[in-house]
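# Survey of secondary and tertiary structure
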Amino acid sequence: MRYLSILLIWTSMAVWAVEPHWAYAPLRSPRVPEAEAEVFQPVDTFIRAQWKARGLKPSPEADRSTLLRRIYWDLIGLPPSPSDYQRFLADTSPQAYEREIDRLLASPRYGERWARHWMDVVHFAETHGHDQDRIREQAWPYRDYLIEAFNSDRPYGRFVEEQVAGDVLYPDRPEATVALGMIAAGPWDESSLRDIREDTLDRQLGRYVDRDDMISTVLSVFNSATVHCARCHDHKFDPIPQSDYYALQAVFSGVERANRVFDRDPSVHVRRQRWMHQQRQVERGDADLLESPQVRDEVRQWSDQRRVRPAVWATWEAQTFVSAGKATLQRQSDGSYRVSGTRPEQDVYTLTRSADGRPVSAIQLELLPDDSLPHRGPGRNEQNGNLHLSEIELWVFSLGATEPRRIRWARATSSFDQDGWTAAHAIDGQEKTAWGIHPKEGQPHRAVFELAEPLQSRPGDQLSLILRQAHGESHVIGRFRVSMTDAPGPASRVVPAQIDSILEHSPKEWTRDQQRLVAAFVLRERLREQLAALPEPSKVYAAASNFEPDGGLKPSLRPRTIHRLNRGEITQPREEVGPGTLSCIAGLPSRFALSEGSEEGDRRAALARWLSHRDNPLTWRSIVNRVWLHHFGRGLVNTPNDFGRMGAEPSHPELLDWLAVWFRDEAHGSFKSLHRLLLTSATYRQSSQKGAVVTDVAAVSDGENQWLSRMNRTRLDAECVRDGMLLISGRLDLRMGGPGDRQFDLKPGIHVTPRVDYTRFDSDAPEGRRRSVHRFLFRTLPDPWMEALDCPAGDQLVPARDNSVTLQQALALWNHDFSIRQAEHWARALEARGKEIGGGGEIPWEEAVAWVWGRPPTPSERESLTGYAQQHGLANACRLLFNSNEFLFLP
């Protein structure tokens with residue numbers, strides 16, 4: 001086997017050197033074959049040239065009702081209504097068909113239909129998959145982005161760039177950040193990438209595997225390339241060396257899958273992203289920022305302000321101080337309180353004093369060690385002396401008022417925060433979070449809580465300070481002191497001890513390192529304040545390098561170093577590899593020349609430009625092939641995710657290249673222009689009926705119809721069947737946007753996948769159901785009815801649906817509760833319609849049959865349906881129509 005592998009590699013390399021594979025050859029616009037008199041479109045001339053060479057004849061044009069039904073299902077994924085047929089058939093103008101196409105392309109339903117196709121190829125779902133399959137609460141904005149992008153006819157080059165590096169290339173457009181949901185759309189192994197230790201080989205391997213999915217998605221979708229086959233060795237069949245694969249790993253080595261923030265208001269979005277970027281520069285110690293003249297001026301002004309008016313703290317002299325847990329609070333000579341006696345699991349301390357008329361801008365809480373406390377405190381927890389302050393509240397009781405007034409906090413700063421237990425958690429309104437000081441027990445700590453507005457009390461007012469400690473296990477405060485000040489925020493805030501010691505000297509005496517330390521602190525405080533003043537941001541689950549940590553998942557300040565792994569083994573790293581891409585595309589650089597210390601996003605931006613470049617033949621060939629596949633039932637290349645040597649050869653290579661060049665240069669990447677071109681072709685308008693129109697030659701030489709001497713007859717996909725049944729039964733809710741419709745009730749904080757009751761979800765909701773594209777998609781629990789009709793669960797890249805025909809489908813369509821319920825809804829609607837139009841309440845079979853078959857029933861069909869309804873009930877007759885081949889298959 002070893003020698004066979006060597007021989008295969010050597011042979012493949014020899015073939016690469018002698019003859020470039022068709023897919024990697026530069027795009028050239030081929031000469032359009034000479035047209036016959038009745039042919040008006042280049043698409044048809046290429047197709048007919050193949051017919052002529054093979055002795056094939058075209059099928060006649062399909063009737064107008066069939067054409068209308070075909071374009072409805074293809075463009076919007078829904079059937080035309082009886083009134084749509086009437087309008088179209090009554091329009092005898094030569095432009096009637098083109099007008100219908102334009103009307104459908106202008107419909108919001110178009111974006112829903114084609115977004116669903118794109119969600120297949122990027123394997124989008126709203127859970128992580130794998131063993132935990134946790135829900136992604138913020139995945140849905142990417143789906144909304146896709147719908148909007150298709151409806152607005154986003155040029156394809158920009159569509160590509162936005163989904164790989166929209167945050168960098170289009171920083172002023174919020175939707176371009178949302179587009180990065182594509183990179184994060186696939187499954188994510190939470191156990192390996194969040195829950196295990198950072199310093200393990202499994203964690204490192206998990207990252208390589210996770211990036212492998214990102215690479216596979218991007219290169220398979222945009223370039224139809226199987227680059228993942230070069231993970232362990234050079235690609236066996238295509239000119240993709242292992243170094244190219246790891247260069248692509250380096251492109252994505254700075255991002256994770258996480259919730260990243262964005263703002264729908266572009267002006268707010270730009271400000272937030274700029275300030276967040278500056279935060280990362282500060283954390284990286286970026287000298288260009290920290291030592292800039294503007295920052296030096298800002299630091300000087302800040303230190304001057306602290307010197308001019310330092311904070312003066314006055315002790316909070318409480319008249320009453322009590323413990324709800326019946327502990328004993330004793331006032332000490334220094335104004336602090338020591339807690340003894342009963343040690344409750346949880347406690348609330350209340351300290352009340354009379355107002356003295358002085359304004360209050362901030363409250364200071366000092367935590368003090370004491371020899372009487374476990375481990376010297378400052379908490380009372382016996383295990384380590386820690387504490388957890390869940391909430392701190394300030395209330396004002398005014399004379400004559402009917403109820404007390406709660407004072408709002410603006411921010412909290414502290415001398416030390418336990419990891420994940422910050423002083424800010426003590427003012428977030430949630431008792432489940434808290435401020436803690438582990439592992440620095442036995443030491444003094446302090447926190448300052450700034451008021452949103454200075455408090456100006458009046459004589460007679462009573463001020464109550466409440467310290468809630470709800471964590472349990474006696475994580476309660478053991479000794480503390482409270483004081484207050486009227487100094488402005490910057491002067492009262494807690495400054496780290498290291499910064500405080502620097503401030504004892506004049507700025508002229510600071511060393512370069514000290515200047516940078518103070519600059520970093522000042523910028524952190526200012527940026528935190530600026531960001532806090534912005535409106536609450538939106539979030540999208542996307543590729544991100546700057547996000548809130550989630551357990552062990554934390555952002556990296558710089559792209560991680562990537563090594564080529566010998567045989568794909570994490571234990572066998574070889575040379576370091578920089579960012580780049582495929583080297584098999586002539587004329588485009590395969591390695592990105594980026595400056596030292598460049599941003600992570602610069603790598604993705606370079607890849608995005610490479611992908612969207614007009615000279616990248618894979619990009620433009622791949623997308624026109626995908627669109628062709630959805631309209632004709634098979635691609636010009638019948639392996640849409642693999643244009644390599646193990647994939648299929650193009651059936652019409654000249655047509656493929658002509659379409660790619662036309663789409664790039666003349667249509668300027670307009671999907672809607674491409675749809676118009678294909679749907680108005682005579683090839684598309686052919687009948688799919690065999691029988692009299694298929695010659696013996698065609699039956700023998702083109703049994704699979706790859707030369708398209710007739711239109712392919714395909715089964716409706718699962719979404720079309722479901723949505724069509726809901727529309728016909730009057731149960732389809734056409735609201736768009738927002739989170740996916742869930743099939744379950746999920747308790748907050750529960751990550752275990754709940755039981756999904758799809759029957760209840762789709763059948764019995766009184767308000768109806770939205771289109772399939774808006775359904776919440778689980779990876780590990782697909783809808784059995786949808787799955788029977790070949791709807792993927794989101795674990796694999798899906799270039800095209802199988803659209804098979806199986807016994808399981810027949811059983812699901814006939815027996816599943818969803819089918820039965822929709823038939824019942826439709827039956828009631830038909831009965832009501834019969835009474836509405838008169839005629840003794842007869843069932844309007846003409847309308848019913850037009851919905852499902854696109855034509856009126858013949859007299860014998862009408863008689864059969866009437867008899868069946870009388871014998872088995874109208875609902876069963878409706879179920880019969882839903883199960884008919886003429887409804888389930890596109891003619």
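Read on for a plain summary of the structure.

Rules and cut-offs
- Residues numbered from 1 in each chain as written.
- Predicted model: local features only at pLDDT ≥ 70, side-chain atom pairs only at ≥ 80, totals over all residues.
- Heavy atoms only, no water.
- Phe/Tyr/Trp six-rings, centres within 6.5 Å; stacked < 30°, edge-to-face > 60°.
- Helix = DSSP H or I, 4+ residues; strand = E, 2+ residues; numbered from the N terminus.
- Buried < 20%, exposed > 50% of the residue type's maximum accessible area, 1.4 Å probe, protein only.
- Lys NZ or Arg CZ within 6 Å of the ring centre and 35° of its normal.
- Salt bridge = Lys/Arg side-chain N within 4 Å of Asp/Glu carboxyl O.
- Pairing = 2+ DSSP bridges.
- Expected span 1.5 Å × (residues − 1).
- Contact = heavy atoms within 4.5 Å.

### A closer look at the packing of aromatic side chains
To describe a pair of aromatic rings, one takes the distance between the centres and the angle between the planes. Summed over all chains, the structure comprises 31 aromatic pairs. Ring geometry for Trp-73 versus Phe-887: centroids 6.3 Å apart, planes at 70°, classification edge-to-face. Of this pair, Trp-73 sits in helix α3 (residues 64–76) while Phe-887 sits in helix α32 (residues 885–888); the two residues are 814 residues apart in sequence, bridging distant segments of the chain. For the ring pair Tyr-142 and Tyr-145, a centre distance of 6.1 Å and an interplane angle of 20° mean the geometry is stacked. Placement of both Tyr-142 and Tyr-145 in helix α7 (residues 140–151) is noted, with a separation of three residues, approximately one turn of the helix. Of the two residues, Tyr-142 and Tyr-145, both sit in the buried class. The rings of Trp-118, Phe-124, Tyr-142, Tyr-145, Phe-150, Tyr-156, Phe-159, Phe-222, Trp-620, Phe-663 and Phe-671 are connected pair by pair, giving a single aromatic cluster. Positioned above the aromatic ring of Phe-88 is the side chain of Arg-64, whose terminal nitrogen or guanidinium carbon lies 4.2 Å from the ring centre. Of note, Arg-211 hangs over the ring of Tyr-208, and the distance from its end group to the ring centre comes to 4.8 Å.

### Examining the pattern of salt bridges
This model, assessed by the stated rule, comprises 75 salt bridges. Note that Asp-195 is salt-bridged to Arg-194, the shortest N-O span being 2.8 Å. The exposure class assigned to Asp-195 is partly exposed, which follows from its relative accessible area of 40%. For Arg-284, the salt bridge identified is with Glu-599, shortest N-O distance 2.6 Å. With Arg-284 in helix α13 (residues 266–284) and Glu-599 in the loop between β16 (573–576) and α19 (600–612), the pair connects residues that are 315 residues apart, well separated along the chain. Taking relative accessible area as the criterion, Arg-284 reaches 14% and is therefore assigned buried. Accessibility expressed as a relative area gives 21% for Glu-599, which makes it partly exposed. Within this structure, Asp-334, Arg-338, Glu-366, Asp-370, Arg-479 and Arg-481 form a network of salt bridges that share partners.

### Quick look at the sheet that holds strand β3 (residues 320–323)
Pairing is antiparallel in the open sheet, where five strands are placed in the order β3-β6-β12-β8-β9. Edge positions in the sheet fall to β3 and β9 (405–406), since each has one partner strand and no second. In this sheet, strand β6 (residues 347–354) lies alongside β3 in antiparallel orientation, the contact comprising four bridges. The residue bridging Thr-320 from the neighbouring strand is Thr-352, located in β6.

### Points about helix α21 (residues 653–666)
Owing to its 3.6 residues per turn, the α-helix aligns residues three or four sequence positions apart on the same side. Taking 1.5 Å of rise per residue, the 14 residues of α21 would be expected to cover 20 Å, and the 19 Å separating its terminal C-alpha atoms lies within 8% of that figure. When you tally the buried positions in α21, you get 10 out of 14 residues, the bulk of the element. By the burial criterion, the buried members of α21 are Leu-655, Leu-656, Asp-657, Trp-658, Leu-659, Ala-660, Val-661, Trp-662, Phe-663 and Arg-664. Contacts from the buried residues of α21 go to α2 (42–54), α8 (156–169), α20 (617–632) and α22 (671–679). Two residues or fewer past α21, His-668 is found with a positive phi of approximately 55°.

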